[in-house]
Amino acid sequence: MGSKLSITLLALAALITAAQAQDKTQDKSSDVIARGEYLARAGDCTACHTAAEGRLFAGGRPMPTPFGTIYTSNITPDPETGIGKWSADDFYRTMHNGRFPDGGLIYPAMPFASYTKVTRADSDAIFAYLRSIQAVNQKNKPHELRFPYDNRQLILGWRTLYFREGEFRPDPAKSAEWNRGAYLVEGLGHCSMCHSPINALGGTSQSDAFKGGLIPMQNWYAPSLTNNREAGLGDWSIKDITDLLQTGVSARGVVYGPMAEVVHNSLQYLDDADTRAMAVYLKGIAEASSPPPASSALPNTESSLLISLGKTVYDKNCASCHGTQGEGKPPHWPPLANNQSIEMQSAVNPIRMVLNGGYPPGTKGNPMPYGMPPFAGLLSDNEVAAVVSYIRTAWGNRGTPVSAREANELRSAPLN
Amino acid sequence: MFARAAASAAVIVTLSAFDGAAAQTANQPPDTMAARVEACTPCHGNKGEGTSDVYFPRLAGKPAGYLYNQLLAFRSGRRKYPPMNYLLEFLPDPYLEAMAEYFASEHPPLPQPAPSEVSKDVLAQGEALATSGDAGRGIPACVSCHGPALTGMQPGIPGLLGLRAAYVSAQLGAWRYGTRTAKSPDCMQLVAGHLTEADVTAVAAWLATRPAPANPAPVPKGTYALPFGCGSQPN
């Protein structure tokens, strides 16, 4: 009797231990999945791989490019139409080397030139997360690319010019925080996809990384992250940078245009330590020397007429929020004085903000953002040019005047 | 001594906290929905009453559920108007709900109906369709869903008063051509599919001539039964 009981107890104890062990492995795998989800947010996978009103990661979102329309792919674990049959090796190869499991070449609309820097462990975690989501049976739509870009072999040429395979290598001379920031910005964050000039071949040379450029098809200017006269953050406090990345608004300015999407879908989910690391790195890559102010293409008399009309337009339509001295009420009503976004050489963004208005993204840190009305229907081309010229040159701002023609051209810029 | 120091420290902390709060309020935009929807008002009016642009609709007093559905549809791109799609793209559901409730709770007076530009015959055709429908062609009366006084019903059916003919006509056209859609069963698409262009002109013109009723508020949910199912108006 006694021995039977002790055997039973022993068996029970063994069972409990086994169960505990299993709990532990489950915990471990759910930890990996949670980390994968976090990393998938950092990589902003959803921006492309989830269509409007579509199922999570089922693809099918049209991506207009100068070469035609690319449709994003289904990355749910569906075995027929998604990545259900892929192994972790296959997934790593896609991220790291831009090739499908069968060796096929992937169009560089997928930012594998950045994702190549992602570590194997992080790639595995993202894959584990993607394996855990709801499978969706939805066939990929064929791309609609013009000749000759519909020939995937051309990608080989692009790769030779612009693709350098290799995981991120920390710089031992820098802090762990700087290196973590660099890893996120250069790798999963794929910031260089927009913040670098894109040449006619759809490529970016390494030496131009983060130097800024007009985003093809969208007609928003992605400012340089290294130049303090654009979006270089050398003169910003770490707190202002982390506020901007995490909440979408800051004492120095707010995010708008395509960057609103990045904060909305990706950056707001990063933890404080990672956000700070990105801020430290971004502040660090800003170059100390400031290039000389740009010169205006407009004749002086035209400029001064524009600027004087601009002040009238500004006082009537803008000053109630942005202040008579461009001081704003930060962070919600951004200052325009000493605002790099207003002053930088490309006037595309300030013109578009006047025409289209906009809301910063709703985030955990700023769930009910204040918005700016679109003035496209209220102001003439001349008035738009005038008010943009005024805000670019008033209050010590060092921008240049813009012409009514530039304002007119941006009326037809795509809004979505 | 220590207690005194602690007490004065507490006072300093309290004072500076108070100062901080006051300064922040002074330097911040008003913490109100009115300030947050200023992006909407140049086109829709300060209280959502509409503006001189005949294509921009009145929002004030429409059922919050209807306004919320439209905000969701503009955000996802289901309802297409690029300036709206762009403004709403990254705003979360609870905020859109708050915006809908804000405009639903505003009650500026309805505008005086403008004199109509169409003939009496056309207006009579519009009135007949709106109040009786055309059973032979499968067209229900507008009033059978939008209410006897055309003020709409909570939570999802909009009133049709205070809208200009150009706006109603453009929307009916969009339903007919399938560029405006709603949740299935898409009742308005079914109805508009049976309308001719002449019907659209007539109905839009007659609706724009309607004076404000004594009570312009949408009637409560379930006040009357709908003639058929409608995805935007859950039972």
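Computed from a predicted model, the values in this text were never measured in an experiment. (Residues numbered from 1 in each chain as written. Chains lettered and ligands numbered in written order. Predicted model: local features only at pLDDT ≥ 70, side-chain atom pairs only at ≥ 80, totals over all residues. Heavy atoms only, no water.)

Engineer: Whenever I open this one, the overall build of chain A confuses me. Can you help?
Structural biologist: Scanning chain A for helices and strands turns up 16 helices and five strands. Scored against the burial criterion, the 416 residues of chain A give a buried share of 50%. For chain A, restricting intrachain contacts to residue pairs at least 6 apart in sequence, the fraction spanning at least 24 positions comes to 65%. Summed over its atoms, the accessible surface of chain A is roughly 19,900 Å², and 58% of this surface lies on carbon and sulfur atoms. (Helix = DSSP H or I, 4+ residues; strand = E, 2+ residues; numbered from the N terminus. Buried < 20%, exposed > 50% of the residue type's maximum accessible area, 1.4 Å probe, protein only. Contact = heavy atoms within 4.5 Å. Areas by Shrake-Rupley, 256 points an atom, 1.4 Å probe, with all protein chains shown as cover.)

Engineer: Please explain the nonpolar core as it appears in this structure.
Structural biologist: What tends to happen in soluble globular proteins is that the nonpolar side chains get buried as a cluster. Core analysis: the largest hydrophobic core is formed by 52 residues, its most contacted members being F91, M95, I126, L130 and L188 of chain A. Each of domain 1 (45-162) and domain 2 (176-285) of chain A contributes no fewer than three residues to this core. (Core = buried A, V, L, I, M, F, W, Y, C linked by side-chain atoms within 4.5 Å. Domains from an automatic or database assignment.)

Engineer: In this structure, what is going on with the environment of H49 of chain A? I would like to understand it.
Structural biologist: Residues and elements named next belong to chain A. For H49, the position within the fold is in helix α2 (residues 45-49). Between the alpha carbons of H49 and T72 there is a distance of 5.7 Å; along the sequence they are 23 residues apart. When sequence neighbours within four positions are dropped, the list of residues in contact with H49 reads F57, A58, G59, T72, S73 and I75.

Engineer: Looking at this model, I keep getting lost on the side chain of T94 of chain A. Mind explaining?
Structural biologist: Within the element layout of this structure, T94 of chain A appears in helix α3 (residues 88-97). With residues near it in sequence (within four places) discarded, T94 of chain A still touches W86, R99, F100, P101, I106, M110 and F112 of chain A.

Engineer: I'm lost on the UniProt feature "binding site: heme c 1" (unreviewed entry) in chain B in this one. Help?
Structural biologist: Residue and element names in this part refer to chain B. The sites that carry the UniProt feature "binding site: heme c 1" (unreviewed entry) are, in the present numbering, C40, C43, H44 and M84. Maximum C-alpha separation among the annotated residues is 11.7 Å over a sequence range of 45 residues, consistent with a single clustered spot. Among the residues just listed, C40, C43, H44 and M84 line the second largest pocket. Tracing the chain through its elements places C43 in helix α3 (residues 41-44). Not counting chain neighbours up to four residues away, the residues in contact with C43 comprise T51 and F56. Structurally, the position occupied by M84 is in helix α5 (residues 82-88). (UniProt positions renumbered as here; feature names shortened; annotations may be inferred. 1 Å grid on protein atoms, 1.4 Å probe; cavity = no way out; pocket = protein on both sides within 12 Å on 5 of 7 lines; lining within 4 Å.)

Engineer: So what exactly am I meant to see when it comes to the packing of helix α14 (residues 348-356) of chain A against helix α15 (residues 381-393) of chain A here?
Structural biologist: To describe two helices that pack against each other, one gives the angle between their axes and the distance between the axes. All names here are of chain A. Where α14 contacts α15, the two axes come as close as 10 Å, and the packing angle between them is 130 degrees. For the element pair α14 / α15, the angle class is oblique. The hand of the α14/α15 crossing is right-handed. Two secondary-structure elements touch here, α14 through P350, I351, V354 and L355 and α15 through V384, V387, V388 and R392. Among the residues making up the contact of α14 with α15, the classes are represented as seven nonpolar, no polar and one charged. (Axes fitted to C-alpha atoms, helices over the stretch in contact; angles between N-to-C directions. Parallel < 35°, antiparallel > 145°, perpendicular 65-115°, else oblique. Left-handed = near helix turned anticlockwise from the far one by under 90°. Nonpolar A, V, L, I, M, F, W, Y, C, P; charged D, E, K, R; others polar.)

Engineer: Where do I start with the layout of surface pockets in this structure?
Structural biologist: Empty pockets left among the atoms are what a rolling probe the size of a water molecule brings to light. In this structure, the second largest pocket occupies an estimated 960 Å³ of space. H44, F56, F74, Y81 and M84 of chain B are the residues nearest the centre of the second largest pocket, which is lined by 42 residues in total. Elements with a minimum of two residues in the lining of the second largest pocket: α14 of chain A together with α3, α4 (64-76), α5, α6 (93-104) and α9 (165-177) of chain B. Counting residues per element, the lining of the second largest pocket draws most heavily on α4 of chain B, which supplies five residues. The class makeup of the residues in the lining of the second largest pocket is 30 nonpolar, six polar and six charged. (Points joined across faces, edges and corners; volume = space filled by probe spheres on them.)

Engineer: What is the right way to look at the pattern of salt bridges in this model?
Structural biologist: Pairing is possible between side chains that carry opposite charge, provided their charged atoms lie close to one another. All chains considered together, the criterion is met by 16 salt bridges over all chains. The salt bridge partner of R180 of chain A is D274 of chain A, with a shortest N-O separation of 2.8 Å. With a gap of 94 residues between them, R180 of chain A in helix α7 (residues 176-188) and D274 of chain A in helix α10 (residues 272-285) connect regions that are remote in the sequence. Between R36 of chain B and D31 of chain B there is a salt bridge, with its nearest N and O atoms 2.9 Å apart. (Salt bridge = Lys/Arg side-chain N within 4 Å of Asp/Glu carboxyl O.)

Engineer: What am I meant to see in the UniProt feature "binding site: heme c 3" (unreviewed entry) in chain A here?
Structural biologist: According to UniProt, the positions carrying the feature "binding site: heme c 3" (unreviewed entry) are C318, C321 and H322 of chain A. Not counting the four nearest positions on each side in its chain, C321 of chain A is found in contact with G328, K329 and W333 of chain A together with E38 of chain B. Relative to the helices and strands, H322 of chain A resides in helix α12 (residues 319-322).

Engineer: Help me out: how do you make sense of the state of the cysteines in this one?
Structural biologist: Linking two cysteines covalently through their sulfur atoms gives a disulfide. Residue and element names in this part refer to chain B. For the coordinates displayed, the defined rule picks out one disulfide over all chains. Between the sulfur atoms of C187 and its disulfide partner C230 the distance amounts to 1.9 Å. With C187 in helix α10 (residues 187-193) and C230 in the segment after α11 (197-208), this pair connects stretches of sequence that are 43 residues apart. Overall, the relative accessible area of 12% leaves C187 in the buried class. Taking relative accessible area as the criterion, C230 reaches 16% and is therefore assigned buried. Looking at the unpaired C40, the closest cysteine sulfur is the one in C43, lying at 9.0 Å. By relative accessible area, C40 is classed as buried at 17%. (Disulfide = S-S within 2.5 Å.)

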